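Residues per chain are reported as follows:
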Amino acid sequence: MNGQAAHGLPVRDGVSPSCVGLPPGDWPTITDFLVQRFPAIARDTWLQRMRDGLVADEFGAAVTAERPYRGHMRVYYYRALEDEPRVPFEAQVLYQDEHLVAADKPHFLPVTPSGHYVQETLLVRLKNSLGLEGLAPLHRIDRETAGLVLFSVKPAERDAYQALFRRHEVQKHYEAIAPWHGDIAFPLVRQSRIVQGEPFFRQQEAAGPPNSETRISVLEVLGEQARYALSPVTGKKHQLRVHMHALGIPILNDRIYPPVHPTPDDDYAHPLQLLAKSLRFRDPLTGEERAFHTRLSLLPG
(Lines give C-alpha, C1' and ligand atoms only; values in the text may rest on other atoms or scores of the structure.)
Protein backbone atom coordinates (compact mmCIF):
# COMPACT_ATOMS: atom_id res chain seq x y z
CA MET A 1 0.00 0.00 0.00
CA ASN A 2 1.55 3.34 -0.98
CA GLY A 3 1.73 6.41 1.25
CA GLN A 4 -1.13 8.17 -0.54
CA ALA A 5 -3.59 5.29 -0.08
CA ALA A 6 -2.50 4.45 3.44
CA HIS A 7 -2.65 7.98 4.80
CA GLY A 8 -5.08 9.83 2.54
CA LEU A 9 -2.47 12.47 1.63
CA PRO A 10 1.29 12.30 1.04
CA VAL A 11 3.98 14.21 2.91
CA ARG A 12 3.96 17.79 1.60
CA ASP A 13 6.89 20.19 2.06
CA GLY A 14 8.19 17.91 4.78
CA VAL A 15 4.89 17.94 6.71
CA SER A 16 2.80 14.82 7.21
CA PRO A 17 -0.96 15.38 7.07
CA SER A 18 -2.98 15.71 10.26
CA CYS A 19 -5.80 13.26 10.91
CA VAL A 20 -9.25 13.50 12.49
CA GLY A 21 -11.66 10.63 13.06
CA LEU A 22 -15.31 11.10 12.09
CA PRO A 23 -17.56 9.87 14.92
CA PRO A 24 -21.18 8.81 14.50
CA GLY A 25 -23.30 11.92 13.97
CA ASP A 26 -25.85 13.72 11.84
CA TRP A 27 -23.83 16.57 10.35
CA PRO A 28 -25.11 17.30 6.81
CA THR A 29 -21.61 17.44 5.32
CA ILE A 30 -18.03 16.69 6.33
CA THR A 31 -17.42 20.43 6.07
CA ASP A 32 -20.04 21.10 8.75
CA PHE A 33 -18.33 18.62 11.08
CA LEU A 34 -14.87 20.13 10.50
CA VAL A 35 -16.12 23.65 11.18
CA GLN A 36 -17.69 22.54 14.47
CA ARG A 37 -14.74 20.33 15.45
CA PHE A 38 -12.18 23.08 14.82
CA PRO A 39 -13.86 26.39 15.73
CA ALA A 40 -10.60 28.33 15.33
CA ILE A 41 -10.51 27.48 11.60
CA ALA A 42 -12.97 29.43 9.46
CA ARG A 43 -15.33 27.67 7.03
CA ASP A 44 -13.76 29.62 4.16
CA THR A 45 -10.35 28.19 5.13
CA TRP A 46 -11.67 24.63 4.91
CA LEU A 47 -13.36 25.38 1.59
CA GLN A 48 -10.13 26.76 0.15
CA ARG A 49 -8.19 23.72 1.37
CA MET A 50 -10.73 21.48 -0.32
CA ARG A 51 -10.51 23.43 -3.59
CA ASP A 52 -6.72 23.03 -3.41
CA GLY A 53 -7.03 19.26 -2.91
CA LEU A 54 -5.62 19.41 0.61
CA VAL A 55 -8.36 17.37 2.36
CA ALA A 56 -8.90 13.65 1.69
CA ASP A 57 -10.37 10.57 3.32
CA GLU A 58 -8.32 7.58 4.46
CA PHE A 59 -8.66 5.99 1.02
CA GLY A 60 -7.24 9.00 -0.78
CA ALA A 61 -10.58 10.27 -2.14
CA ALA A 62 -10.94 14.05 -2.11
CA VAL A 63 -13.24 15.63 0.47
CA THR A 64 -15.30 18.28 -1.32
CA ALA A 65 -17.38 21.08 0.15
CA GLU A 66 -20.74 19.29 -0.24
CA ARG A 67 -19.61 15.73 0.42
CA PRO A 68 -22.19 14.09 2.75
CA TYR A 69 -21.10 13.19 6.25
CA ARG A 70 -20.31 9.56 7.09
CA GLY A 71 -18.96 8.47 10.45
CA HIS A 72 -16.40 5.80 11.29
CA MET A 73 -13.90 7.20 8.81
CA ARG A 74 -10.71 9.23 9.00
CA VAL A 75 -10.07 12.49 7.20
CA TYR A 76 -6.59 13.82 6.51
CA TYR A 77 -5.68 17.46 5.97
CA TYR A 78 -2.67 19.76 6.02
CA ARG A 79 -2.24 22.23 8.82
CA ALA A 80 -1.40 25.64 7.45
CA LEU A 81 -0.33 28.79 9.25
CA GLU A 82 -0.61 32.10 7.42
CA ASP A 83 1.80 33.99 9.68
CA GLU A 84 4.19 31.35 10.96
CA PRO A 85 7.09 33.09 12.73
CA ARG A 86 10.54 32.48 11.29
CA VAL A 87 13.05 31.06 13.78
CA PRO A 88 16.31 32.77 12.76
CA PHE A 89 18.66 29.98 13.83
CA GLU A 90 19.85 26.94 11.90
CA ALA A 91 20.14 23.29 12.89
CA GLN A 92 23.24 21.24 12.14
CA VAL A 93 23.35 17.57 11.17
CA LEU A 94 26.00 15.88 13.30
CA TYR A 95 25.71 12.31 12.02
CA GLN A 96 23.74 10.31 9.46
CA ASP A 97 23.63 6.66 8.44
CA GLU A 98 20.96 4.28 7.17
CA HIS A 99 19.39 3.99 10.62
CA LEU A 100 19.87 7.26 12.49
CA VAL A 101 20.27 11.01 12.12
CA ALA A 102 21.69 13.11 14.96
CA ALA A 103 21.25 16.87 14.82
CA ASP A 104 21.92 19.91 16.95
CA LYS A 105 18.74 21.91 17.54
CA PRO A 106 19.12 25.63 18.19
CA HIS A 107 17.26 27.40 20.96
CA PHE A 108 13.65 28.42 20.14
CA LEU A 109 13.14 25.85 17.34
CA PRO A 110 10.48 23.19 18.13
CA VAL A 111 11.29 19.56 17.39
CA THR A 112 7.93 18.74 15.79
CA PRO A 113 4.95 20.71 14.42
CA SER A 114 2.64 22.06 17.10
CA GLY A 115 0.89 25.28 18.02
CA HIS A 116 2.23 28.18 15.97
CA TYR A 117 4.93 26.14 14.23
CA VAL A 118 4.81 23.76 11.24
CA GLN A 119 7.58 24.55 8.75
CA GLU A 120 9.69 26.18 11.45
CA THR A 121 10.47 22.91 13.24
CA LEU A 122 13.54 20.72 13.37
CA LEU A 123 11.72 17.69 11.96
CA VAL A 124 10.30 19.47 8.92
CA ARG A 125 13.53 21.31 8.19
CA LEU A 126 15.46 18.01 8.24
CA LYS A 127 12.88 16.17 6.14
CA ASN A 128 13.17 18.87 3.49
CA SER A 129 16.96 19.22 3.57
CA LEU A 130 17.74 15.48 3.72
CA GLY A 131 14.86 14.21 1.59
CA LEU A 132 13.85 11.64 4.24
CA GLU A 133 10.04 11.46 4.45
CA GLY A 134 10.10 8.68 7.07
CA LEU A 135 12.28 10.62 9.49
CA ALA A 136 10.90 10.68 13.05
CA PRO A 137 12.29 11.93 16.40
CA LEU A 138 13.12 9.25 18.96
CA HIS A 139 12.78 11.68 21.88
CA ARG A 140 11.94 15.36 22.44
CA ILE A 141 13.58 18.35 24.04
CA ASP A 142 11.82 21.62 24.84
CA ARG A 143 11.56 24.32 22.20
CA GLU A 144 13.60 26.61 24.46
CA THR A 145 16.34 23.99 24.97
CA ALA A 146 19.24 23.60 22.55
CA GLY A 147 21.29 20.56 21.71
CA LEU A 148 21.22 16.98 20.58
CA VAL A 149 18.13 15.30 19.08
CA LEU A 150 18.16 11.80 17.60
CA PHE A 151 15.96 10.65 14.70
CA SER A 152 15.05 7.28 13.20
CA VAL A 153 15.37 7.06 9.42
CA LYS A 154 13.16 4.03 8.72
CA PRO A 155 9.63 3.76 10.17
CA ALA A 156 10.02 -0.03 10.57
CA GLU A 157 12.98 0.49 12.93
CA ARG A 158 11.53 3.34 14.97
CA ASP A 159 9.98 1.31 17.79
CA ALA A 160 13.17 -0.64 18.46
CA TYR A 161 14.97 2.63 19.20
CA GLN A 162 12.09 4.29 21.05
CA ALA A 163 11.88 1.23 23.30
CA LEU A 164 15.34 2.11 24.63
CA PHE A 165 14.00 5.45 25.87
CA ARG A 166 10.87 3.83 27.33
CA ARG A 167 13.04 1.35 29.26
CA HIS A 168 15.42 4.12 30.41
CA GLU A 169 18.34 2.41 28.66
CA VAL A 170 19.65 5.62 27.09
CA GLN A 171 22.18 7.64 29.09
CA LYS A 172 21.14 11.29 28.65
CA HIS A 173 23.32 14.16 29.82
CA TYR A 174 22.53 17.87 29.89
CA GLU A 175 24.29 21.01 31.02
CA ALA A 176 22.69 24.06 32.59
CA ILE A 177 23.77 27.39 34.01
CA ALA A 178 21.92 28.43 37.15
CA PRO A 179 22.52 30.26 40.45
CA TRP A 180 25.18 28.86 42.78
CA HIS A 181 24.02 28.07 46.30
CA GLY A 182 26.88 26.84 48.45
CA ASP A 183 24.49 25.49 51.07
CA ILE A 184 23.17 22.78 48.71
CA ALA A 185 25.24 19.61 48.88
CA PHE A 186 26.12 18.23 45.44
CA PRO A 187 26.00 15.76 43.83
CA LEU A 188 22.38 14.96 44.60
CA VAL A 189 19.42 13.03 43.20
CA ARG A 190 16.07 14.80 42.88
CA GLN A 191 13.04 12.53 42.91
CA SER A 192 9.51 13.94 42.87
CA ARG A 193 6.06 13.61 41.39
CA ILE A 194 5.57 15.96 38.43
CA VAL A 195 2.03 16.73 37.28
CA GLN A 196 0.39 19.23 34.95
CA GLY A 197 0.07 22.67 36.49
CA GLU A 198 -1.72 25.92 35.65
CA PRO A 199 -1.86 27.04 32.94
CA PHE A 200 -1.73 23.75 31.07
CA PHE A 201 1.77 24.21 29.63
CA ARG A 202 3.41 24.43 33.06
CA GLN A 203 4.32 21.45 35.18
CA GLN A 204 4.64 21.33 38.96
CA GLU A 205 5.71 19.02 41.75
CA ALA A 206 2.94 17.41 43.80
CA ALA A 207 2.54 15.02 46.69
CA GLY A 208 2.57 11.33 45.87
CA PRO A 209 4.91 8.61 44.64
CA PRO A 210 7.82 9.99 42.59
CA ASN A 211 7.54 9.65 38.81
CA SER A 212 10.69 11.61 37.96
CA GLU A 213 14.38 11.39 38.82
CA THR A 214 17.33 13.62 37.94
CA ARG A 215 20.98 13.33 39.02
CA ILE A 216 22.59 16.73 39.47
CA SER A 217 26.23 17.67 40.00
CA VAL A 218 28.38 20.79 39.70
CA LEU A 219 30.89 21.10 36.87
CA GLU A 220 32.27 24.52 37.81
CA VAL A 221 31.40 27.55 39.92
CA LEU A 222 31.18 30.82 37.98
CA GLY A 223 30.89 33.49 40.67
CA GLU A 224 27.21 33.74 41.59
CA GLN A 225 26.36 31.10 38.99
CA ALA A 226 27.46 27.54 38.31
CA ARG A 227 27.55 25.12 35.42
CA TYR A 228 25.59 22.01 36.33
CA ALA A 229 25.55 18.50 34.89
CA LEU A 230 22.02 17.09 34.74
CA SER A 231 21.32 13.42 34.03
CA PRO A 232 17.60 12.63 33.84
CA VAL A 233 16.69 9.01 34.51
CA THR A 234 13.07 9.62 33.52
CA GLY A 235 11.69 11.90 30.81
CA LYS A 236 8.79 13.92 32.21
CA LYS A 237 7.85 17.15 30.46
CA HIS A 238 10.00 20.08 31.69
CA GLN A 239 11.58 17.74 34.25
CA LEU A 240 14.98 19.43 34.47
CA ARG A 241 13.48 22.90 34.65
CA VAL A 242 10.99 21.88 37.35
CA HIS A 243 13.64 20.11 39.45
CA MET A 244 16.10 23.01 39.29
CA HIS A 245 13.35 25.49 40.19
CA ALA A 246 12.26 23.29 43.11
CA LEU A 247 15.83 23.33 44.45
CA GLY A 248 15.79 27.13 44.41
CA ILE A 249 18.23 27.37 41.50
CA PRO A 250 16.09 28.00 38.39
CA ILE A 251 17.93 27.70 35.08
CA LEU A 252 19.18 31.01 33.77
CA ASN A 253 16.72 32.78 31.41
CA ASP A 254 13.86 30.37 32.12
CA ARG A 255 10.68 32.24 31.19
CA ILE A 256 8.18 30.01 33.02
CA TYR A 257 9.96 28.50 36.06
CA PRO A 258 9.45 30.32 38.36
CA PRO A 259 6.03 31.27 36.97
CA VAL A 260 5.67 34.73 35.50
CA HIS A 261 2.25 36.06 34.45
CA PRO A 262 1.81 36.62 31.62
CA THR A 263 4.53 34.38 30.19
CA PRO A 264 7.11 36.63 28.49
CA ASP A 265 7.64 36.45 24.74
CA ASP A 266 10.78 34.87 23.30
CA ASP A 267 13.94 36.89 23.82
CA TYR A 268 16.47 35.70 21.26
CA ALA A 269 19.24 37.59 23.08
CA HIS A 270 18.71 35.60 26.29
CA PRO A 271 18.09 31.90 25.50
CA LEU A 272 17.40 29.35 28.20
CA GLN A 273 20.75 28.11 29.44
CA LEU A 274 19.95 24.42 29.08
CA LEU A 275 21.77 22.16 26.62
CA ALA A 276 21.15 18.53 25.62
CA LYS A 277 24.79 17.44 25.77
CA SER A 278 25.06 13.76 24.89
CA LEU A 279 23.31 10.41 24.36
CA ARG A 280 24.79 6.93 24.81
CA PHE A 281 23.19 3.50 24.28
CA ARG A 282 23.64 0.07 22.77
CA ASP A 283 22.13 -0.04 19.29
CA PRO A 284 19.26 -2.59 19.26
CA LEU A 285 19.83 -3.36 15.56
CA THR A 286 23.62 -3.54 15.27
CA GLY A 287 24.62 -4.28 18.87
CA GLU A 288 27.30 -1.57 18.82
CA GLU A 289 27.77 1.10 21.44
CA ARG A 290 26.48 4.45 20.18
CA ALA A 291 27.53 7.83 21.54
CA PHE A 292 26.53 11.25 20.22
CA HIS A 293 27.67 14.67 21.46
CA THR A 294 26.49 18.20 20.75
CA ARG A 295 28.82 20.78 19.24
CA LEU A 296 26.99 23.62 20.97
CA SER A 297 27.92 25.20 24.27
CA LEU A 298 26.40 27.48 26.89
CA LEU A 299 27.66 30.94 27.74
CA PRO A 300 27.48 32.10 31.36
CA GLY A 301 26.21 35.55 32.13
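Higher on the page you've got the structure.
Thresholds, definitions, all that
- Residues numbered from 1 in each chain as written.
- Predicted model: local features only at pLDDT ≥ 70, side-chain atom pairs only at ≥ 80, totals over all residues.
- Heavy atoms only, no water.
- Pairing = 2+ DSSP bridges.
- Helix = DSSP H or I, 4+ residues; strand = E, 2+ residues; numbered from the N terminus.
- Axes fitted to C-alpha atoms, helices over the stretch in contact; angles between N-to-C directions.
- Salt bridge = Lys/Arg side-chain N within 4 Å of Asp/Glu carboxyl O.
- Buried < 20%, exposed > 50% of the residue type's maximum accessible area, 1.4 Å probe, protein only.
- Core = buried A, V, L, I, M, F, W, Y, C linked by side-chain atoms within 4.5 Å.
- Contact = heavy atoms within 4.5 Å.
- Lys, Arg positive; Asp, Glu negative; His and termini not counted.
- Polar contact = N/O pair within 3.5 Å; in protein donor to acceptor, adjacent residues only side chain to side chain.

**Here we look at the sheet that holds strand β3 (residues 73-77)**
The strands making up a sheet are joined through hydrogen bonds of the backbone, oriented either antiparallel or parallel.
Move 1: Sheet architecture is open: 3 strands sit in the order β1-β3-β2, paired in antiparallel fashion. Only two strands of the sheet have a single neighbouring strand rather than two, namely β1 (18-22) and β2 (55-57). Between one strand axis and the next, the sheet turns through 25 degrees on average, direction left out of account.
Move 2: Looking at chain direction, β1 and β3 are connected through 5 bridges and run antiparallel. Considered in β3, the bridge of Ser18 is made with Tyr77.

**Examining the pattern of salt bridges**
Move 1: Under the counting rule described, the total for this entry stands at 25 salt bridges.
Move 2: One salt bridge connects Arg290 with Asp97, and the closest N-O pair in it is separated by 3.0 Å. On the criterion of sequence distance, the pair formed by Arg290 in strand β14 (residues 289-293) and Asp97 in the loop between β4 (92-96) and β5 (100-105) is long-range, its members being 193 residues apart.
Move 3: The exposure class of Arg290 is buried, given its relative accessible area of 4%.
Move 4: With its nearest N and O atoms 2.9 Å apart, the salt bridge here joins Arg167 to Glu169.
Move 5: Several salt bridges converge on common partners, so that one network encompasses Asp142, Arg143, Glu144, Arg241, Asp254, Arg255 and Asp266.

**Considerations on the nonpolar core**
Move 1: Core analysis: the largest hydrophobic core is formed by 33 residues, its most contacted members being Leu135, Phe151, Tyr228, Leu230, Met244 and Leu274.
Move 2: Those elements giving two or more residues to this core turn out to be β5, α4 (122-130), β7 (146-152), β8 (171-179), β12 (225-232), α6 (239-246) and β13 (274-282).
Move 3: Setting aside its immediate chain neighbours within four residues, Leu230 contacts Lys172, His173, Tyr174, Ala176, Thr214, Arg215, Ile216, Leu240, Met244 and Leu274.
Move 4: Listed in part, the 14 residues of the second largest apolar core include Leu34, Val55, Val75 and Tyr77.

**Some details on the pairing of β7**
Move 1: Along β7, 7 of the 7 residues are buried, which leaves the element largely enclosed by surrounding structure.
Move 2: Sheet topology places β5 next to β7; 6 bridges connect them, and they run antiparallel. Across the sheet, residue Leu100 finds its bridge partner in β7, namely Ser152.
Move 3: Pairing geometry for strand β6 (residues 136-137) and β7, over 2 bridges, is antiparallel. Bridging from a neighbouring strand, Pro137 pairs with Phe151 of β7.
Move 4: One ladder, built from 2 bridges, connects β7 with β13; its direction is parallel. Each bridged residue has a counterpart across the sheet, and for Gly147 the counterpart in β13 is Ala276.

**Quick word on the side chain of Lys105**
Move 1: Secondary-structure assignment places Lys105 in strand β5.
Move 2: Buried Lys105, no salt bridge; nearest opposite-charge side chain is Glu144, N-O distance 7.2 Å.
Move 3: Here the side chain of Lys105 touches Thr145 through a polar contact of 2.6 Å, landing on its backbone oxygen.
Move 4: Filtering out sequence-adjacent residues up to four positions away, Lys105 remains in contact with Pro110, Val111, Leu122, Ile141, Asp142, Arg143, Thr145, Ala146, Gly147, Val149 and Leu296.

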